[in-house]
Amino acid sequence: MMDVGGGLRIGFVGAGFMARFHLQSLLGVRNVVVAGVTSARAERREAFAADADKQGLGPCTAFADLAAMLASGTVDAIWIASPNDTRLAVMREIHAARKAGRTSVYAVACEKPLARTVAEAREMLRLAEEAGLLHGYLENQLFSTAVQRGRDIVWRRAVPISGRPYLARATEEHSGPHEPWFWDGERQGGGVLSDMMCHSVEVARFLLTKPGEARNTLTLTSANATVATLKWKRPAYAEALRQRTGGEIDYSRRPAEDFARGLLTLRDPDGNEAVIEATTSWAYVGAGLRITLELLGPEYAMEFNSLSTGLKVFLSREVSGASGEDLVEKQNAEQGLMPVLDDETGIYGYTLENRHFVEAFRARRMPDETFADGLAVVEMLMALYRSAELGRTVSLPDPELETYVPPVARPAGA
């Protein structure tokens, strides 16, 4: 095994919510240094660097721009965690620096989704390959401790006796994103289908794939979807969202979907049909973020619900305090009987995800989840969006997906 001779030195592009989840999870990863960060907002990058140093993950330098971080010689790998509409430009800059010999960076990992369209995702993959970069697609749910353990048991104990699984269900729901750009169909690339179903379809595809086999051994044959804006275009909630985002987002005029249901059919290597059933929502108001997963086969079933926690606390009406997310992500209440996620970064998969990518990059090998998988996810999402727009099932492969842009992501007036 080849090793770089020390900890992998990561540089973050972006210092917001996702980057901070990664920072927290890296406390559980060996052989890693958070060496740099750049963000458009100076106060965020400075605070991120200070936190990395405080937690013993540094020394971390806050760079004014990506060019300076790439040229510093202090970073081996880039973690792209900036808004969706910036990621292709970031990748182009990394590619240019590599081709010109201006950087020692040799690996890149990108947060979900890889891009906003199939064309953008294909370009992300091309740039990484042409620059000779190792590349990884950061889909945390694949590395959830429950997913890893459940998949291992099913495929090792049940499948050899009764046959391959045929149905994977995945649901992710919460009350809405943190940052304004997530709500912006054009910047984000869509609404909740793009933002959250990227998790659901890939973790489902992962569960349906035999360990050791490439995920493209499952052939996508059709897509059917329905989208709706159920909550956030109602006048009171549209106004609340407008105020919360400083007037930046107005769902009374241009809403993105806050509910999506998708059905994907696939053919497995044995010629059997398999189905992915996914549902996502920004209109769920419960304790907080809820992820549910199921894997069904001829004589078995696997189930997981992120809010069915072993740890719960009860706080009476006499106990009050400021709102926050100290019990569970997207927390909606501070009183009553509340589930507590005692290790969010582990339960959601960030710790094992980062451990896998760090060790793969240190060994100078491709990780298990690459930009090619990120491209496949975007192809599934665009097929679902196209189905919802047309009001019918879309058969695959579909050449129209190469240039397809979801209605909510098209420029105003287009």
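The residue numbers shown here count from 1 along each chain, following its written sequence. At least 70 in pLDDT is required for a residue's local features to be given in this predicted model, at least 80 for side-chain atom pairs to be given and counted, and no such filter applies to totals for whole chains, interfaces and linings, which use all residues. Computation of side-chain values: all heavy atoms of the structure, hydrogens and water removed.

Asks: Looking at this structure, how should I read the overall build of the protein?
Replies: Comment: elements are numbered from the N terminus, with helices defined as DSSP H or I runs of at least four residues and strands as E runs of at least two. A tally of helices and strands in the protein yields 13 helices and 15 strands. In this treatment the radius of gyration is a C-alpha quantity, and the globule benchmark scales as 2.2 Å times the residue count to the 0.38 power. Here the C-alpha atoms of the protein give a radius of gyration of 21 Å, agreeing with the 22 Å that 2.2 N^0.38 yields for 414 residues. Reported as C-alpha extents along the three principal axes, the dimensions of the protein are approximately 55 × 50 × 50 Å. Classification of residues uses two cut-offs on accessible area relative to the type maximum, computed with a 1.4 Å probe and protein chains only: under 20% is buried, over 50% is exposed, and between them is partly exposed. Within the protein, the fraction of its 414 residues that count as buried is 55%. Residues count as neighbours in contact if any of their non-hydrogen atoms are within 4.5 Å of one another. Considering only contacts within the protein whose residues lie at least 6 apart along the sequence, 76% involve residues at least 24 apart. Areas reported here follow the Shrake-Rupley algorithm with a probe of radius 1.4 Å; residue values treat only the protein chains shown as occluding. Carbon together with sulfur atoms contributes 50% to the accessible area of the protein, which is approximately 17,200 Å² in total.

Asks: Would you take a moment to explain the packing of aromatic side chains for this structure?
Replies: Centre distance and the angle of the planes are the two values used to describe a pair of aromatic rings. Side-chain rings of Phe, Tyr and Trp, where Trp is taken by its six-membered ring, are said to pair if the distance between their centres is within 6.5 Å; with planes under 30 degrees apart they count as stacked, over 60 as edge-to-face, and otherwise as tilted. Taken as a whole, this structure holds twelve aromatic pairs when the rule is applied. Plain terms: the ring middles of Trp79 and Phe361 are 5.8 Å apart, the flat faces sit at 90° to each other, and that makes the pair edge-to-face. With Trp79 in strand 4 (residues 77–80) and Phe361 in helix 12 (residues 350–362), the pair connects residues that are 282 residues apart, well separated along the chain. With respect to burial, Trp79 and Phe361 carry one shared label: buried.

Asks: It is not clear to me how the pairing of strand 11 (residues 290–297) should be interpreted in this structure. Could you clarify?
Replies: In regular strands, side chains alternate between the two faces of the sheet. Bridge count between strand 7 (residues 167–173) and strand 11: seven bridges; the pairing is antiparallel. In the strand pairing of strand 11, Glu173 is matched with Arg290. As paired strands, strand 11 and strand 12 (residues 300–305) are joined by six bridges and run antiparallel to one another. Bridge pairing in strand 12 places Thr292 opposite Asn305. If DSSP finds at least two bridges between two strands, the strands pair.

Asks: Is there a simple way to explain the environment of Ala96 in this structure?
Replies: Structurally, Ala96 can be placed in helix 4 (residues 87–99). Once the C-alpha coordinates of Ala96 and Ala131 are considered, the two residues, 35 residues apart in sequence, prove to be 8.1 Å apart.

Asks: Help me understand the sheet that holds strand 7, please; the structure alone is not making it clear to me.
Replies: Sheets are built from strands paired through backbone hydrogen bonds, the pairs being either parallel or antiparallel. Across the sheet, seven strands lie side by side as 12-11-7-10-9-8-15; this open sheet has mixed pairing. Since the sheet does not close on itself, it has two edges, and those belong to strand 12 and strand 15 (394–395), each with one partner. When strand 9 (residues 259–267) meets strand 10 (residues 273–281), the two strands line up antiparallel, connected through nine bridges. Along strand 10, the bridge assignment pairs Leu266 with Ala274. In this fold helix 6 (residues 145–162) packs onto strand 11 and strand 12, with an angle of close to 175° to the strand it touches most, strand 12. Interaxial angles span 0 to 180 degrees and are taken between N-to-C directions of axes, which are lines fitted to C-alpha atoms, for helices over the stretch in contact. Set on the sheet, helix 13 (residues 371–390) makes contact with strand 8 (219–228), strand 9 and strand 15; between it and strand 8 the angle comes to about 55°.

Asks: Teacher, can you tell me more about helix 4 here?
Replies: An α-helix turns once every 3.6 residues. As a result, residues three or four positions apart point the same way. In a regular helix each residue adds 1.5 Å, so 13 residues correspond to 18 Å; helix 4 covers 18 Å between its end C-alpha atoms and thus fits that length. Inspection of helix 4 places Arg87, Leu88, Val90, Met91, Ile94, His95 and Ala97 among the buried residues, and these make up the whole buried set. Contacts made by the buried residues of helix 4 are with strand 1 (8–13), helix 3 (66–71), strand 4, strand 5 (107–111), helix 5 (118–130) and helix 13. Given the number of residues in a helix, its expected span is that number minus one, multiplied by 1.5 Å.

Asks: What should I look at first to understand the packing of helix 5 against helix 13 in this one?
Replies: Axes are the key here: two packed helices are described by the angle between their axes and the distance separating the axes. Two elements in contact, helix 5 and helix 13, have axes whose closest approach is 9 Å; the angle formed by their N-to-C orientations is 175°. It follows that helix 5 is roughly antiparallel to helix 13 by the angle criterion. Counted together, Val118, Ala121, Arg122, Met124, Leu125 and Ala128 of helix 5 and Phe371, Ala372, Leu375, Val378, Glu379 and Met382 of helix 13 form the full contact between these two elements. The scheme is simple: roughly parallel for angles under 35 degrees, roughly antiparallel for over 145, roughly perpendicular for 65 to 115, oblique for anything else.

Asks: When you look at the pairing of strand 10 in this model, what are you seeing that I'm missing?
Replies: Burial within strand 10 is extensive, with seven of its nine residues counted as buried. Direction of pairing for strand 7 relative to strand 10: parallel, over a ladder of seven bridges. Looking at strand 10, one finds that Glu172 is bridged to Thr280. Between strand 9 and strand 10, which pair antiparallel in sequence order, lie five residues; one of them, Gly271, sits at a positive phi of approximately 90°.

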